[in-house]
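Descriptive structure summary
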Amino acid sequence: MDTRHPQSLPDGSPLVRFADVTKSYGDLTVLDKLNLDIAQNEMVSIIGPSGSGKTTVLRVLMTLETINDGVIYVDGEPLTHMPSGAGLEVASESYLRQRRSKIGMVFQQFNLFPHMTALQNCIEAPMQVLGLSRDEAEERALDLLQMVGMDSKKDQHPTRLSGGQQQRVAIARALAMRPQVMLLDEVTSALDPEVIGEVLNVIRSLNSEHNLTMIMVTHQMGFAREISDRVCFFYEGKIAEQGSPEKLFEDPQNERTKQFLHAVLDAN
Amino acid sequence: MEWRWDFTFEILPRMLWATGNTLLAAGIGYLIALVVGLILMLGQRTPYRIVNFIVREVVEFIRSTPLLVQLFFVFFVAPQFGIKLTAWTSAMLTIGLHFGTYLSEVYRGALEGVPKAQWEACRALNFSTAYTYRRVVLPQAFPIALPGMGNYLVGIFKDTPLLATIGVAELMHTANALGAETYRYLEPYTMVGFIFLIISLPAAMGLRRLEAAVAKAQGKVKH
Ligand SMILES: Nc1ncnc2c1ncn2[C@@H]1O[C@H](COP(=O)(O)OP(=O)(O)O)[C@@H](O)[C@H]1O
Ligand SMILES: [Mg+2]
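Reading guide: rules and limits
Residues numbered from 1 in each chain as written. Chains lettered and ligands numbered in written order. Predicted model: local features only at pLDDT ≥ 70, side-chain atom pairs only at ≥ 80, totals over all residues. Heavy atoms only, no water. UniProt positions renumbered as here; feature names shortened; annotations may be inferred. Helix = DSSP H or I, 4+ residues; strand = E, 2+ residues; numbered from the N terminus. Rg over C-alpha atoms; globule rule 2.2 N^0.38 Å. Contact = heavy atoms within 4.5 Å. Lys, Arg positive; Asp, Glu negative; His and termini not counted. Charge placed at Lys NZ, Arg CZ, Asp CG, Glu CD. Salt bridge = Lys/Arg side-chain N within 4 Å of Asp/Glu carboxyl O. Buried < 20%, exposed > 50% of the residue type's maximum accessible area, 1.4 Å probe, protein only. Buried area = accessible area lost by both parts, 1.4 Å probe. Polar contact = N/O pair within 3.5 Å; in protein donor to acceptor, adjacent residues only side chain to side chain. Near = heavy atom within 4 Å. Areas by Shrake-Rupley, 256 points an atom, 1.4 Å probe, with all protein chains shown as cover. Nonpolar A, V, L, I, M, F, W, Y, C, P; charged D, E, K, R; others polar. Phe/Tyr/Trp six-rings, centres within 6.5 Å; stacked < 30°, edge-to-face > 60°. Lys NZ or Arg CZ within 6 Å of the ring centre and 35° of its normal.

The name given to chain B in an unreviewed UniProt entry is Ectoine/hydroxyectoine ABC transporter permease subunit EhuD, with the source organism recorded as Actibacterium pelagium. In its Sequence similarities (unreviewed entry) section, the UniProt record describing chain B reads: "Belongs to the binding-protein-dependent transport system permease family. HisMQ subfamily."

Next up, the structure:
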């Protein structure tokens, strides 16, 4: 039992809170006492050099990895831990299953189910996890597939879709669970340049029309700058600098940020 | 020695009856092997270290000794320790165990062939473990396992002549008996070979077709 962290956060707290989160693999510390708050409806971009822990932030929040220290809170309640006596203990699998549905994730490699059609990909979880009937699930899925412009391909298997189309289906699949926060891990990195735009457009509309809370790891600096409320620059498992996109991209304070932005902008 | 068609037709009914027994032995043996393989695979995957270790050693032991030796052991040696089994029971038990160890490897390989990312997608969608297996992992592991499963079905079928040695009345045993009764060996053994051929070839072809059909049903082939 651990009493360093509260059992719940007061009203008005951010939707997501990383409190002193540490993640290591053996001797390698990937997240180093990370503190990060994400407000309701906020769009936060995470940028930084390869290996700086960006993906890990999303993976621990999605509970794909366990953390070694600290606590992650979602919607006021702990996610990685559960109440025990006066403190917290590491969450059980059943506790995780209750809490995890508030979070959705879209992966760099899409990770669609290859043996299912686009529509089946989107109705499985709502039916099994949320208990929707097939009709309800299909109605919801068709709406979402239409939103991402994939309704005409609903009966295709992923192998017959382009990368951009697969990624749009993957976004619809995650949205079908109505998560409170969406995690996007370099969702355009595996795509051919000509289809990146169609995926970015979908994310744009999620942000502007649906006001979804999102955490987006990206290498698309232009897009991050255009769409984010806040940009976090990660360096060696810590947030080296964060702020509004204007501030971070135009007037970075940290030496590392400047170097990174120079290197990235030179490359483009 | 000349081929005698009248003799061929005379022994045909007995040979066909024996073919039935061969198919029955292969079929039952295969079903047992499928289940044993599943149990052994689960045993190797449990988090209990000691179970893991024992199952792995047993599998290793069974796989490093010949089927014929195991068959003799179960049928001739076990009775001396008070375990008396009929020829059929010994045969089914031995085939089930022997090929079960190979099938457990087929299953293991197939499960490992399903990318880790598929598990993570399921977790991100909050599937239960049972549902993850049922809807995502097993449907993807099945096509990977299918060629191996098919090969061992044919493999068991082709190993059934070994059962003649302990007196199971399958094809080989019947051919032996006919030879001993009539002193004619050409027709019985040729028929054995021929019968194996006309069953194995279409079976192998059918299996390829099944693999293609499963792949197609899962959207793997562009149609
Ligand atoms: N499963 C793992 N085992 C060991 N090291 C890992 C594992 N996953 C990630 N890492 C290491 O953690 C560091 C951060 O990884 P990651 O979060 O993927 O970085 P980024 O997304 O910023 O490129 C890297 O050095 C990576 O090699
Ligand atoms: Mg990454």
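Our next topic: the overall build of chain A. A tally of regular secondary structure across chain A gives nine helices and 12 strands. For chain A, the C-alpha radius of gyration of 19 Å lies close to 18 Å, the compact-globule estimate for 268 residues. The long-range share in chain A, meaning contacts at least 24 apart out of those at least 6 apart in sequence, stands at 64%. Mean positive and mean negative side-chain charge positions of chain A (25 and 36 charges, respectively) differ by 2 Å.

Counted under the stated rule, the structure contains 25 salt bridges over all chains. For Glu42 of chain A, the salt bridge goes to Arg230 of chain A, with nearest N and O atoms at 2.9 Å. Pair noted here: Glu42 of chain A is in the loop between strand S2 (28-38) and strand S3 (43-47) and Arg230 of chain A is in strand S11 (residues 230-235), with a separation of 188 residues, a long-range link. Pair check on accessibility: Glu42 of chain A and Arg230 of chain A agree, each one buried. Taking the shortest distance from any N to any O, the salt bridge between Glu120 of chain B and Lys116 of chain B comes out at 3.5 Å. Separated by four residues within a single helix, Glu120 of chain B and Lys116 of chain B lie in helix H5 (residues 116-124), roughly one turn from each other. With relative accessibility at 12%, the residue Glu120 of chain B sits in the buried group. Its relative accessible area of 60% is what places Lys116 of chain B among the exposed residues. Salt bridges sharing partners connect three or more residues here, namely Lys23, Arg59 and Glu65 of chain A together with Lys116 and Glu120 of chain B.

Taken together, the contacts link 27 residues of chain A with 22 residues of chain B. Between chain A and chain B lies a buried interface of about 2300 Å² when both sides are counted; carbon and sulfur atoms form 52% of it. Viewed at the interface, chain B and chain A are joined by three salt bridges. Between Arg135 of chain B and Glu124 of chain A there is a salt bridge, with its nearest N and O atoms 2.4 Å apart. Our enumeration of links across chain A and chain B arrives at 12 residue pairs in polar contact (both at pLDDT 80 or more). Those elements giving two or more residues to the side of chain A that touches chain B turn out to be helix H2 (93-100), strand S8 (103-106) and helix H3 (118-128) of chain A.

Attention now goes to the site of ligand 1. All names here are of chain A. In the vicinity of ligand 1, the contacting residues are Tyr25, Leu28, Val30, Pro49, Ser50, Gly51, Ser52, Gly53, Lys54, Thr55 and Thr56. Measuring from an oxygen atom of ligand 1, one finds a backbone N or O atom of Gly53 at 3.1 Å. Within the side chain of Lys54, one N or O atom sits 2.8 Å away from an oxygen atom of ligand 1. Notes on ligand 1: free accessible area 560 Å², of which the protein chains cover 60%. Elements supplying a minimum of two residues to the shell around ligand 1: S2 and helix H1 (54-61). Among the elements that line the shell around ligand 1, the one with the most residues is H1, at three residues. In terms of residue class, the shell around ligand 1 is made up of four nonpolar, six polar and one charged.

Here we come to the packing of aromatic side chains. According to the stated counting rule, one finds 14 aromatic pairs over all chains in the structure shown. Look at Phe113 of chain A and Phe127 of chain B: their rings are 6.0 Å apart centre to centre, the planes differ by 25°, and that puts the pair in the stacked class. Here Phe113 of chain A, found in the loop between S8 and H3, pairs with Phe127 of chain B, found in the loop between H5 and helix H6 (129-159), and the two come from separate chains. Both residues of the pair, Phe113 of chain A and Phe127 of chain B, count as buried. Between the aromatic rings of Phe157 of chain B and Phe196 of chain B, the centroid separation amounts to 4.7 Å while the plane-to-plane angle is 45°, which identifies the pairing as tilted. Taken as a pair, Phe157 of chain B in helix H6 and Phe196 of chain B in helix H8 (residues 186-217) lie far apart in primary sequence, 39 residues in all. Taken individually, Phe157 of chain B and Phe196 of chain B each receive the classification buried, so the pair is uniform in this respect. Taken together, the aromatic side chains of Phe113 of chain A together with Phe127 and Tyr131 of chain B make up a single cluster linked through ring pairs. For Arg173 of chain A, the ring lying beneath its charged end belongs to Phe113 of chain A, and the centroid distance is 4.6 Å.

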